[in-house]
Amino acid sequence: MRFTFTCAAATLIAISAGARAPHAQAPKRLALVGGMLLTGYEVPPVHHAAILIEGNRIVQAGPASEVKIPADATIVDTSGRTLLPGLIEAHGHLIALGHGNYETWFPWIAAHGGDAMLMRVMETSARQLLFAGVTTTVDLGAPLQPILTIRNRINKGEVVGTRVLASGPWISRGAGGAMQAGFGGVNITTPQEASAQTEKLAAAGVDHIKAHAGLTFDDYKAIVEAAHRHNLRVHAHVYAEQDVRHALEAGVDVLQHVGSAGTAPPYSLEMIRDIVNAGRPVVVTAAHRAWVYPDTAAFPERLQDPEMKRLFPPEIFAEIQRSLENWPALGYFQRTDREMLYRERGVKQFIESGAVMGMGTDSGTPMNFHSEALWREIKVHVDMGMSPQRAIAAATRVNAQIIGKGRDLGTIEPGKLADVIVVKGNPLFDIVALSDVEIVVKDGVVLKGGPAADPRARPSPGAGK
Ligand SMILES: [Zn+2]
Ligand SMILES: [Zn+2]
């Protein structure tokens with residue numbers, strides 16, 4: 001089967017002209033040359049490929065023999081490697097870094113600089129995600145102003161990190177405790193309040209809304225109506241079948257967790273059928289307890305991985321290590337036996353039914369580090385029967401579509417934002433190749449790897465204050 005970008009040339013001309021028209025300065029050109037290209041579509045890879053980037057957009061992609069590279073382009077040799085779209089994390093938390101206990105994590109932040117430390121934590125998360133090849137992260141729960149501030153600082157180039165799309169605080173009913181307080185969750189008591197809170201978040205400039213579990217059908221409906229008036233999508237954090245049913249029927253755009261591989265028994269066939277027939281996307285966040293716990297039991301050494309340590313400021317790493325000293329006793333993992341009982345059926349029920357599946361991890365939750373959460377989640381999906389190509393598409397093209405960014409993100413083709421990663425080896429042969437990200441390009445700028453890397457991306461964040 002042949003796969004080329006024959007129709008790309010016309011698009012290319014239009015884009016180049018558009019990009020150059022308003023100002024005299026020619027955009028910077030960057031070419032990634034050599035290697036196998038996975039476009040994000042479920043089609044055969046392009047071998048010996050090249051990608052040409054102008055400014056922050058991709059203008060050509062295809063076999064290297066067909067991509068015309070201008071003389072002034074900076075060339076990055078990617079031969080012998082695999083190129084693919086920047087990964088999208090459909091469920092992350094920048095204010096958490098894998099610490100074991102929210103009841104001590106948030107007070108520790110407060111006691112060590114408060115907002116300044118929170119900013120440092122989020123900068124660390126954003127960089128860890130980026131260096132893991134995650135060029136876009138859907139943040140689903142954080143205090144409003146801090147998360148909007150880090151999002152904007154990254155967009156302005158003040159901080160090197162993943163692109164952040166933020167919900168701010170989630171909307172819930174009757175929630176309490178350290179988690180609700182730390183993540184800034186807001187309680188409502190009526191659908192009118194739910195609507196008003198959604199309006200407030202929209203006015204503040206959030207990118208999407210997170211509706212927690214335990215809301216009524218009318219609450220979800222009020223949130224969806226208000227959010228859609230502002231073109232915002234709604235993600236629901238749902239486990240119990242009744243919550244999933246309410247969220248689905250109220251028109252929530254993305255069903256997050258949905259069982260989380262075992263916190264609820266597998267859903268009824270009717271529930272699965274209705275999700276599939278509605279084409280409603282699910283993000284299972286499978287790995288974070290049901291796999292992370294036994295994987296850590298099998299290899300606790302992962303908690304002291306020196307490569308991970310290098311991506312932390314030392315004092316934050318020390319606090320996280322302290323919190324994980326007796327990790328099997330942590331409250332977060334006390335239902336893991338049941339989750340492990342159901343975990344395989346929990347994921348397979350969606351894979352085997354043909355549900356629209358995105359890919360997200362709840363990264364930042366205990367022992368679920370930003371530097372590795374997404375490839376671990378993808379590996380679980382592959383182990384449970386999803387093809388590597390489909391799993392990569394889920395974490396790129398499908399994720400972009402379900403968050404409403406399909407026009408700009410998720411595939412490598414002319415016109416898209418230039419988010420490209422380069423990994424060692426062939427992830428279609430061994431999906432764990434995604435753990436070895438050599439080069440990261442975001443918005444057309446090389447932020448990890450190679451001599452072309454932007455100086456802001458060096459040195460490693462753990463090294464300095
Ligand atoms: Zn959640
Ligand atoms: Zn979450």
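Residues numbered from 1 in each chain as written. Chains lettered and ligands numbered in written order. Predicted model: local features only at pLDDT ≥ 70, side-chain atom pairs only at ≥ 80, totals over all residues. Heavy atoms only, no water.

1. Overview of the overall build of the protein chain
Thought 1: A count of helices and strands for the protein chain gives 16 helices and 18 strands.
Thought 2: Its C-alpha atoms give the protein chain a radius of gyration of 21 Å, within 12% of the compact-globule value 23 Å for 465 residues.
Thought 3: With the C-alpha coordinates of the protein chain rotated into their principal frame, the extents come out at 60 × 50 × 45 Å.
Thought 4: Looking at the 465 residues of the protein chain, the share that counts as buried comes to 59%.
Thought 5: If you take every contact in the protein chain between residues at least 6 apart in sequence, the share linking residues at least 24 apart comes to 74%.
Thought 6: Approximately 18000 Å² of the protein chain is accessible, and the part contributed by carbon and sulfur atoms is 54%.
Thought 7: For the protein chain, the distance from the average site of its 45 positive side-chain charges to the average site of its 46 negative ones is 4 Å. (Helix = DSSP H or I, 4+ residues; strand = E, 2+ residues; numbered from the N terminus. Rg over C-alpha atoms; globule rule 2.2 N^0.38 Å. Buried < 20%, exposed > 50% of the residue type's maximum accessible area, 1.4 Å probe, protein only. Contact = heavy atoms within 4.5 Å. Areas by Shrake-Rupley, 256 points an atom, 1.4 Å probe, with all protein chains shown as cover. Lys, Arg positive; Asp, Glu negative; His and termini not counted. Charge placed at Lys NZ, Arg CZ, Asp CG, Glu CD.)

2. A look at the pairing of strand 6 (residues 81-85)
Side-chain direction in a regular strand flips from residue to residue, so the side chains alternate between the two faces of the sheet.
Thought 1: Of all the 5 residues making up strand 6, 4 are buried; the element is thus mostly covered by neighbouring parts of the structure.
Thought 2: Relative to strand 6, strand 2 (residues 36-37) runs parallel, the two being bridged by 2 bridges. Residue M36 lies in a different strand from strand 6, and its bridge partner there is T82.
Thought 3: Here 5 bridges tie strand 6 to strand 16 (residues 420-424), and the two strands are oriented antiparallel to one another. Across the sheet, the residue bridging to R81 is K424, located in strand 16. (Pairing = 2+ DSSP bridges.)

3. Examining unusual backbone geometry
Thought 1: Positioned with a positive phi, H257 is a non-glycine residue whose angle comes to about 75°.
Thought 2: If you trace the backbone, H257 turns up in strand 14 (residues 254-257).
Thought 3: For H257, a relative accessible area of 0% corresponds to the buried category.
Thought 4: In this model, T285 sits at a positive phi of 40°, which is unusual for a non-glycine residue.
Thought 5: The residue T285 is located in the loop between strand 15 (282-283) and helix 10 (287-290) in this model.

4. Overview of the coordination of the zinc ion (ligand 1)
Thought 1: Every protein donor of the zinc ion (ligand 1) is accounted for by K210 (NZ), H237 (ND1) and H257 (NE2), and the metal-donor separations fall at 2.1 to 2.3 Å.
Thought 2: One chain supplies every donor for the zinc ion (ligand 1), spaced along it as K-x26-H-x19-H.
Thought 3: The distance between the zinc ion (ligand 1) and the zinc ion (ligand 2) comes to 3.1 Å. Pair noted here: K210 is in strand 12 (residues 208-211) and H237 is in strand 13 (residues 233-238), with a separation of 27 residues, a long-range link.
Thought 4: Residue class for H237 comes out buried when judged on its relative accessible area of 9%. (Donors = N, O, S within 2.8 Å, 3.2 Å for Na, K, Ca; no water.)

5. As for the coordination of the zinc ion (ligand 2)
Thought 1: Around the zinc ion (ligand 2), the protein contributes the donor atoms H91 (NE2), H93 (NE2) and D362 (OD), at 2.0 to 2.1 Å from the metal centre.
Thought 2: Going along the chain, you hit the donors of the zinc ion (ligand 2) in the pattern H-x1-H-x268-D.
Thought 3: What makes H91 buried here is its relative accessible area of 0%.

6. Some points on the pattern of salt bridges
Thought 1: Under the criterion given, the structure shown has 26 salt bridges.
Thought 2: A salt bridge links E123 to R153, with the nearest nitrogen and oxygen atoms 2.8 Å apart. Taken as a pair, E123 in helix 3 (residues 115-131) and R153 in helix 4 (residues 144-155) lie far apart in primary sequence, 30 residues in all.
Thought 3: The class of E123 is partly exposed, set by a relative accessible area of 27%.
Thought 4: Close ionic contact of E372 with R376 constitutes a salt bridge, the shortest N to O distance being 3.0 Å. By the burial criterion, E372 is buried, and R376 matches it.
Thought 5: Because the salt bridges share partners, they merge into one network encompassing E123, R153, K156 and E158. (Salt bridge = Lys/Arg side-chain N within 4 Å of Asp/Glu carboxyl O.)

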